[in-house]
Amino acid sequence: MLDVKDADDLATLRALQETADVFVENFRDETLAKMGLAPDQLRQSHPALVVASCKGFLKGRYEHRAAMDEVVQMMTGMAYLTGPKRRPLRIGSSANDIMGGLFAAYGVLGELIQRGKTGQGAAIRSGLFENCLLLVAQHMVQFDIEGEESPPMPERVFSWPIYDLFETADGRQIFVGAATDGQWEKLCIGLGLEHLLADDRLKTRPDQIRARDWTMPQIAAVIVARPFDEMVQVMEANDLLFAPVSRPAEMYDDPHVNRPGGLFTSECRDKKAFRAPAVPVEIDGRPIVSESVTVPSVGEHTAEILGALKVQA
């Protein structure tokens, strides 16, 4: 761990940069410039260095503003879309913080490949605001093409005959969807509602959407008469679109999550073990993280790394 306000530690950081391929930072632009660590300053002295800056905004009108995940969700319309009207809500994840790191990593990997061809590094910048803007792009484009704004999700206009939450006999919730003609047919057969398939008022998807006021109660009545586990069996047997309504803590008991490579076990600095999802990618059928990963404590490897530089820790 280094204190970049200390002259000796700053000199150590510069020595480390001589050995580095990538420098990742999350400081304000002005702070970096004062320390001589702004991307353009670093690349003058280290032209092969790839500098990755994780910021609130990309270059532009807002680049000097402070930002956090919830701030950009409010700014871009994400919170507006998530909550009911006049009650904007952030989504239940720090999605933009995660995406900021991911997009920076994508940029780093691309520039390392490019550096292998040119020998030159690059300055990469990812922005929380732009991450969130990408997430709402579908609604922006829809407005640009159709001239109509998307309502908040709790008040959305339905595009499918069934895309709803239902309650089962034992009080649990299950999400059920029928987004295609094939799914509508399977749903009606699986729930024993074949008479809906013969109804001339339900021949097309627009017909089925317009009829939701009288088809939904029939579907809900069948589902609420059966326990959750039985409904899951019906959904799986008929290849239907469905999902249990789960809490994150319940994922530790999910059989798919517990497949080989689905979770990895780690330890934090107080040596308490915890489990976390692995990187959601397989390569040649194998998970990327297959072994336990221990999170080092702050400064744990300082002496080792600085020792390699022959710098006194």
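Reading guide: rules and limits
Residues numbered from 1 in each chain as written. Predicted model: local features only at pLDDT ≥ 70, side-chain atom pairs only at ≥ 80, totals over all residues. Heavy atoms only, no water. Pairing = 2+ DSSP bridges. Helix = DSSP H or I, 4+ residues; strand = E, 2+ residues; numbered from the N terminus. Axes fitted to C-alpha atoms, helices over the stretch in contact; angles between N-to-C directions. Phe/Tyr/Trp six-rings, centres within 6.5 Å; stacked < 30°, edge-to-face > 60°. Buried < 20%, exposed > 50% of the residue type's maximum accessible area, 1.4 Å probe, protein only. Lys NZ or Arg CZ within 6 Å of the ring centre and 35° of its normal. Arc of directions from axis to C-beta. Contact = heavy atoms within 4.5 Å. Salt bridge = Lys/Arg side-chain N within 4 Å of Asp/Glu carboxyl O.

Draft legend 1. Summary view of the sheet that holds strand β3 (residues 122–127). Overall, parallel pairing links the 3 strands, which are arranged β1-β2-β3 in an open sheet. The open sheet has two free edges, formed respectively by β1 (22–25) and β3, since each of these has just one partner strand. Direction aside, the axes of adjacent strands within the sheet are offset by 15° on average. As defined by bridge partners, β1 adjoins strand β2 (residues 50–55) across 4 bridges and the pair is classed as parallel.

Draft legend 2. Spotlight on the packing of aromatic side chains. Counted according to the given criterion, the structure contains 6 aromatic pairs. Ring centres 5.5 Å apart and planes at 40° place the aromatic pair F57 and F129 in the tilted group. Residue F57 is located in the loop between β2 and α4 (69–76), and its partner F129 is located in helix α7 (residues 128–135); the two are separated by 72 residues in the primary sequence. Just as F57 is buried, F129 falls in that class too. Plain terms: the ring middles of W160 and Y163 are 4.4 Å apart, the flat faces sit at 40° to each other, and that makes the pair tilted. On the basis of relative accessible area, Y163 is assigned to the partly exposed category, the value being 25%. An aromatic cluster is built from F57, Y62 and F129, whose rings are joined through pairwise contacts. The residue whose ring lies beneath R201 is W214, and the NZ or CZ to ring-centre distance is 4.1 Å. Between the NZ or CZ atom of R212 and the centre of the ring of F158, over which it lies, the distance is 3.6 Å.

Draft legend 3. Main features of the sheet that holds strand β8 (residues 273–277). With mixed pairing, the 3 strands of this open sheet are ordered in space as β8-β7-β11. Either end of the sheet is taken by a strand with one partner, and the two such strands are β8 and β11 (293–294). Across 5 bridges, strand β7 (residues 263–267) lies against β8 in antiparallel orientation. Bridge pairing links L263 to P277 in β8.

Draft legend 4. Layout of α7. The set of residues buried in α7 consists of L128, F129, N131 and C132. Projected onto a plane normal to the axis of α7, the buried residues spread over an arc of 160° and lie on a single side. Taken together, the buried residues of α7 touch β2, α4, α5 (78–82), α6 (95–118) and β3.

Draft legend 5. Layout of the pattern of salt bridges. Scanning the entire structure with this criterion turns up 15 salt bridges. Put simply, R28 and E30 hold a salt bridge, and the shortest N to O gap is 4.0 Å. For D29, the salt bridge is made with K55, and the minimal N-O distance between the two is 3.1 Å. Placement of D29 in helix α2 (residues 29–35) and of K55 in strand β2 is noted, with a sequence separation of 26 residues between them. Across the pair, exposure class does not vary: D29 and K55 are buried alike. Here the residues in one salt-bridge network are E25, D29, K55, K59, E63 and R125, joined through shared partners.

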